[in-house]
Amino acid sequence: MNETEVITICREAIIVMMKVGGPLLLTGLVTGILISLIQTLTQIQEMTLTFIPKILAVFAMTMLLFPFMIATLGGFAHSLADRIVQIGLSG
């Protein structure tokens, strides 16, 4: 295994991480901004008000995207296993 293959694997791992974690982080961000906007407009200054909607939104998005996440992580694990087998066969 040379440096090019290691860099390729790292690049793919970062892309998989963004595919899996990105939608959840964006959901939390958008929910937080909307709740903050509502708090600003209504002048409600309760600090704990943002946590429950964010938790529920991220949980709902996790349940919605769970099949996609499993397929993405499974595909990446499968490609890593294939590379390990190729290294074993060539070595």
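Note that residues are indexed from 1 along each chain, following the sequence as it is written. This being a predicted model, a pLDDT of at least 70 is required before a residue's local features are given, and a value of 80 or more before pairs of side-chain atoms are given or counted; all residues contribute to the totals for chains, interfaces and linings. Excluded from the side-chain calculations are hydrogens and water; all other atoms, namely the structure's heavy atoms, are used.

A.B. asks: Tell me about the side chain of Thr50, and name the residues and values.
C.D. replies: The residue Thr50 is located in the loop between helix H1 (3–42) and helix H2 (51–90) in this model. Residues are treated as being in contact if the distance between any of their heavy atoms lies within 4.5 Å. Setting aside its immediate chain neighbours within four residues, Thr50 contacts Ile35 and Gln39. Labels follow the DSSP assignment, with helices taken as runs of H or I lasting at least four residues and strands as runs of E lasting at least two, numbered in each case from the N terminus.

A.B. asks: Which residues make up the packing of H1 against H2, and what values go with them?
C.D. replies: Running from amino to carboxyl end, H1 crosses H2 at an angle of 175°, the nearest separation of the two axes being 10 Å. By the angle between their axes, H1 is roughly antiparallel relative to H2. Polar here means any residue outside two lists: the nonpolar Ala, Val, Leu, Ile, Met, Phe, Trp, Tyr, Cys and Pro, and the charged Asp, Glu, Lys and Arg; Gly therefore counts as polar. Residues of the contact of H1 with H2, tallied by class, amount to 17 nonpolar, eight polar and four charged. To get an axis, fit a line to the C-alpha atoms, keeping to the stretch in contact for a helix; angles then go from 0 to 180 degrees between the N-to-C directions. Angle categories are assigned with fixed cut-offs, so that under 35 degrees is roughly parallel, over 145 is roughly antiparallel, 65 to 115 is roughly perpendicular, and the rest are oblique.

A.B. asks: Could you give me a rundown of a nonpolar patch on the surface, with the residues and numbers involved?
C.D. replies: The grouping of Leu26, Leu29, Val30, Ile33, Leu34, Leu37 and Leu41 at the surface amounts to a nonpolar patch, some 710 Å² of accessible area in total. Here Leu26 lies in helix H1. The class for Leu26 is exposed, based on a relative accessible area of 52%. Candidate patch residues must exceed 30% relative accessible area and have no salt bridge, after which like charges are joined if within 9 Å and Val, Leu, Ile, Met, Phe, Trp or Tyr side chains if within 5 Å. To be clear on the numbers: accessible area is Shrake-Rupley with a 1.4 Å probe, and residue cover counts the displayed protein chains and nothing else. For this document, the term salt bridge refers to a Lys or Arg side-chain nitrogen within 4 Å of an Asp or Glu carboxyl oxygen. Each residue gets one of three labels from its accessible area relative to the maximum for its type: buried under 20%, exposed over 50%, partly exposed in between, using a 1.4 Å probe on protein chains only.

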